[in-house]
Structures are given as C-alpha cells and as structure tokens.
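# Secondary and tertiary structure notes
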Amino acid sequence: MKITSFNPIIVTKDRASAVELFEQLGFEQRHHSVITDSGSSNTDMVNADGYRVDIAQNDRIPGDMTFIRMNVDDFDEAYQILLKYGFKNSRGDGTLNENSAKAATMFSPSGFVISIVQHIKE
C-alpha cells in the first residue's frame, strides 16, 4: 500500500469561516466536493509551499473536530492495517462509496481519527 497524501481535515459546522481563515493564512481552494450520502461538503486547500488542509462541513457533529486524511492506493490493505491496531470504523463495517472515492473514518483506541480514502480512477 502506498500513501499518496496525508494531511489534516477540520470538520466544522461553519466551513465558510474556516475556509476564509485559511485563505487569510495563504491557502487557496483547490477542489470542492459534496458527499451525497451524508450531505457534507469538503474543500481541499493548498498553500504556495504545497501544504494542504481540508475543511469539511458537517452539521451532525457536536463541535469542531480534527482528523487526518490519508489517501491510499489500496483501501482494503489500509483498512486491515488500521483494524489490526484496534481502530473502529465509524460506519460499523460500512464504507462511503462515491463515484470518485471509497472512504472510511477510523477511530483509534486512544481517540485520534484517520479518514482513509482511495480515489477511484476511471
């Protein structure tokens, strides 16, 4: 398995304000997507040095949360590695399957969160 990117995700109820803050810090919006099964939206941002941050809108969370997004070339292998280390999938055994990606949000036994994503190339 190869990790193709690794960066923070800020999950918030106020995506617009967070995006504005990071724009003031020198980040530019690179990509925006809407996840249809959850109704959330995600903005991928990058600065001139190549640092990335995702800002995700989610109205169902009690407060802002920070995850790690780990894009991989083999979702199943990454998923099995995290399970081996005691991570639990927020969807039970389910995954988010969009046209362009397969993903799962995984919670570690100590509480940090990794969202694994494999982009589907057509």
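Further up the page is the structure itself.
The shown structure was predicted, so the numbers you read here are calculated from the model rather than taken from an experiment.

### Remarks on the pairing of strand β5 (residues 65-72)
As defined by bridge partners, strand β1 (residues 3-12) adjoins β5 across 8 bridges and the pair is classed as antiparallel. Bridge pairing in β5 links V11 to M65.

### With respect to the pattern of salt bridges
Inspection of the entire model under this criterion finds 4 salt bridges. With a shortest N-O distance of 3.3 Å, D76 and K102 are connected by a salt bridge. Note that D76 is positioned in helix α2 (residues 75-84) and K102 in strand β8 (residues 101-107), a separation of 26 residues in sequence. Here the salt bridges do not stand alone but share partners, grouping R30, D44 and R52 into one network.

### Observations concerning the packing of aromatic side chains
Enumeration over the complete set of coordinates arrives at 4 aromatic pairs. Between F22 and F27, the aromatic rings sit 5.5 Å apart at their centres with planes inclined by 80°, giving edge-to-face as the arrangement. F27 shares its class with F22; the two are buried. Relative to Y79, the ring of F75 has its centre 5.7 Å away and its plane inclined at 20°; by these criteria the two rings are stacked. You can see F75 and its partner Y79 sitting in helix α2, 4 residues apart, about one turn around the helix. For the pair shown, F75 and Y79 are each scored as buried.

Reading the values: the criteria
- Residues numbered from 1 in each chain as written.
- Predicted model: local features only at pLDDT ≥ 70, side-chain atom pairs only at ≥ 80, totals over all residues.
- Heavy atoms only, no water.
- Pairing = 2+ DSSP bridges.
- Helix = DSSP H or I, 4+ residues; strand = E, 2+ residues; numbered from the N terminus.
- Salt bridge = Lys/Arg side-chain N within 4 Å of Asp/Glu carboxyl O.
- Phe/Tyr/Trp six-rings, centres within 6.5 Å; stacked < 30°, edge-to-face > 60°.
- Buried < 20%, exposed > 50% of the residue type's maximum accessible area, 1.4 Å probe, protein only.

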